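Fold and contact review
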Amino acid sequence: MKSDTTLDLIVIGGGINGAGIAADASGRGLSVGLYEAHDFASATSSASSKLIHGGLRYLEHYEFRLVAESLAEREVLLQKAPHIVAPLRFRLPHRPHLRPAWMIRCGLFLYDHLGKRSTLPASKRIDLAATGLFQADIKTGFEYSDCWVDDARLTLLNAIAAKKKGAEVRNYCRVERAQCCDGIWVVTLYDRLTQTRFKRRSRLLVNAAGPWVNELYTQVLPLESPRNIKLVKGSHIVVPRLHSGSEAYILQNSDDRIVFVIPYLDRFSIVGTTDMEYRGDPRMVAISANEIQYLIDVVNEHFVHSLKEEDVIWTYSGVRPLCDDESDAPQAITRDYTLELQQERGQPPLLSVFGGKLTTYRKLAEAAMEKLAPFVATIGPAWTKTEPLPGGDLDITPDQLAEQLCSVHSWLKPSLAKRYVSQFGSAVNTLLAEVLSEGDMGTRFASDVYQRELDYMIECEFAQSGEDVLWRRTKLGLYLSEKEQQKVDSYLSSQTALSAKQHSATG
């Protein structure tokens, strides 16, 4: 792209909201640039509880609009990305001293009816004593529907969708400065891959920097932020699978918080999340010993099978940038989003995103387009509700596609076929195009980890480092030894260096 080209829109920040806005705008015919300082979904958007959910607990704070919008989005995202979004039944053990049964029933009635529900089954009361999973005083509970999602890949697929629609999409590309010049935003960027600076011009600018939304004001624009945010840390632990069933559990704690126990990748359970106000660099966020013990204690108060600290296989933490609504407790701060449009002293329009949650990213993007539409001469209609995300155009179920792949490729293990489908959806056919035998997959870095998959993620999914591959585009980091991880990282580093050298040679 020529440096003097004037784009319609530049989006700063490659988390779920920035990627969603870039995809939506590109699909409406706008020329778009999406720039992320690190990797897509490298912060908040890969550190969630990995749920597409209405937020049952938000009803206690009377956030009915947010819950209704979130509930409706479950069905939309199930259709858009069936390879990375799946229905999930939740079980809520009843503890009478915390919340009475009538209150829970009322909440679940609203949950069933606030949003459109065409495929997900309704809530019901269940007998938990028969499961043998719980302490003796936990006998009954309630069951309801929500959805699971691969959060990092949901973000990545929106970035890919934006590129397919014509956007310039670049990660490891930091915005250093944004200045107004003759009614146009002139944005200076630094590409970490090539170690070069370049400029882009745009009529509109979106600040979707997530936890850095206010920092962008002070260091990049510079302007005064119209809103305050509170950074709230949420941490999770990953442990060996706590139960054999496919259901997730939502545990009520005496501090009025809830903790999820979610089946994960067949062999594990995710336990989380915490809610703590955070001060410091969002890149340096990490779980504390107190948080680990808190999550273990909540599990042990409910389940017969007790957890110990040595059971923790992996932890992850993220910082949620929530609108400061002066709530007393972090868990009470609204998860709703606010969009602020500024056009001060003749400057071109600036739209900033404050707050938001993974589930409502698509609706947030539509709302952003509504605010920006008056400043664009030609803009297409909303389109994201019905068009699948990349890989989501399946005419059979993911399980059926995995079986089909095994019948075509005799060397392919069912477990690997399932992983490929859950990552790439229909794009697995591109990955395996012209592959006639295992030898065509290239170098084998570890069990079921081949060069061809790494090359695909480099070429088609913006991967530049071992961390990008091992912890965001896949979760192979949970399975590979340290030595195997180093092999993957070394290969990615060599390919990234080669790409940078080729870029320098071509100017």
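Our subject in this report is the structure included herewith. Small disclaimer: the values here were computed from a predicted structure and weren't measured.

When you go through the protein residue by residue, the secondary structure sums to 13 helices and 20 strands. Taken over the C-alpha trace, the protein has a radius of gyration of 23 Å; the compact-globule value for 507 residues is 23 Å, and the two agree within 12%. When the 507 residues of the protein are sorted by exposure, 58% land in the buried category. Across the protein, contacts joining residues at least 24 apart in sequence account for 70% of those joining residues at least 6 apart. Across the protein, 58 positive and 63 negative side-chain charges occur, with their mean positions spaced 2 Å apart.

Two elements in contact, helix 1 (residues 16–27) and helix 7 (residues 361–372), have axes separated by 8 Å at closest approach and are oriented at 55°. Accordingly, the angle class assigned to the pair helix 1 and helix 7 is oblique. Regarding helix 1 and helix 7, the two cross each other, and that crossing is right-handed. Counted together, Ile-16, Asn-17, Gly-20, Ile-21, Asp-24 and Ala-25 of helix 1 and Tyr-361, Leu-364, Ala-365, Glu-366, Ala-368 and Met-369 of helix 7 form the full contact between these two elements. Here the residues of the contact of helix 1 with helix 7 are counted per class, giving 8 nonpolar, 2 polar and 2 charged.

Moving on to the pattern of salt bridges. Considering all chains together, one arrives at 34 salt bridges under this definition. Glu-69 serves as the salt-bridge partner of Arg-65, at 3.0 Å between the closest nitrogen and oxygen. Taken together, the positions of Arg-65 and Glu-69, both in helix 2 (residues 64–80) and 4 residues apart, correspond to about one turn of that helix. Glu-277 is paired through a salt bridge with Arg-279; the nearest N and O atoms lie 3.2 Å apart. Salt bridges sharing partners connect three or more residues here, namely Asp-39, Glu-467, Asp-468, Arg-472 and Arg-473.

Moving on, we get to the nonpolar core. Membership of the largest hydrophobic core comes to 47 residues, with the highest contact counts inside it found for Leu-9, Val-11, Ile-21, Val-85, Leu-154 and Val-206. Ranked by the residues each element gives to this core, the list is headed by helix 4 (residues 151–164), at 7 residues. Among all residues touching Leu-9, those that are not within four sequence positions of it are Ile-21, Ala-25, Ser-31, Val-32, Gly-33, Ser-202, Leu-204, Leu-205, Val-206, Met-369 and Leu-372. Within the second largest apolar cluster, 31 residues are counted, among which are Trp-411, Phe-424, Met-457 and Leu-476.

Quick look at the side chain of Thr-273 now. Relative to the elements of secondary structure, Thr-273 occurs in the loop between strand 14 (268–272) and strand 15 (276–277). With relative accessibility at 7%, the residue Thr-273 sits in the buried group. Of note is the side chain of Thr-273, whose polar atom sits 3.1 Å from the backbone nitrogen of Ser-235.

Taken together, the side chains of Tyr-62, Phe-64, Phe-109, Leu-110 and Leu-114 make up a nonpolar region of the molecular surface, amounting to roughly 510 Å² of accessible area. Judged by relative accessible area, Phe-64 falls into the partly exposed class, the value being 36%.

The omega angle of the peptide bond from Gly-272 to Thr-273 is 15°, so this bond is cis rather than trans. Non-glycine residue Asp-182 carries a positive phi angle of around 55°. Residue Asp-182 is classed as exposed on the basis of its relative accessible area of 77%. The phi angle at Leu-265 is positive, at roughly 50°, despite the residue not being glycine. In this structure, Leu-265 sits in the loop between strand 13 (258–264) and strand 14. The exposure class assigned to Leu-265 is partly exposed, which follows from its relative accessible area of 31%.

Glancing now at the environment of His-53. With respect to the helices and strands, His-53 occurs in the loop between strand 3 (51–52) and helix 2. For His-53, a relative accessible area of 12% gives the class buried. Measuring from C-alpha to C-alpha, the distance between His-53 and His-113 comes to 14 Å, with 60 residues separating the pair along the chain. Among residues more than four places away in sequence, those in contact with His-53 are Tyr-58, Ser-70, Arg-74, Tyr-111, Asp-146, Phe-260, Lys-357 and Thr-359.

The rules behind these values
Residues numbered from 1 in each chain as written. Predicted model: local features only at pLDDT ≥ 70, side-chain atom pairs only at ≥ 80, totals over all residues. Heavy atoms only, no water. Helix = DSSP H or I, 4+ residues; strand = E, 2+ residues; numbered from the N terminus. Rg over C-alpha atoms; globule rule 2.2 N^0.38 Å. Buried < 20%, exposed > 50% of the residue type's maximum accessible area, 1.4 Å probe, protein only. Contact = heavy atoms within 4.5 Å. Lys, Arg positive; Asp, Glu negative; His and termini not counted. Charge placed at Lys NZ, Arg CZ, Asp CG, Glu CD. Axes fitted to C-alpha atoms, helices over the stretch in contact; angles between N-to-C directions. Parallel < 35°, antiparallel > 145°, perpendicular 65-115°, else oblique. Left-handed = near helix turned anticlockwise from the far one by under 90°. Nonpolar A, V, L, I, M, F, W, Y, C, P; charged D, E, K, R; others polar. Salt bridge = Lys/Arg side-chain N within 4 Å of Asp/Glu carboxyl O. Core = buried A, V, L, I, M, F, W, Y, C linked by side-chain atoms within 4.5 Å. Polar contact = N/O pair within 3.5 Å; in protein donor to acceptor, adjacent residues only side chain to side chain. Patch = residues over 30% accessible without salt bridge, like charges linked within 9 Å, V, L, I, M, F, W, Y side chains within 5 Å. Areas by Shrake-Rupley, 256 points an atom, 1.4 Å probe, with all protein chains shown as cover.

Functional significance is not addressed by these values, which are geometric in nature.
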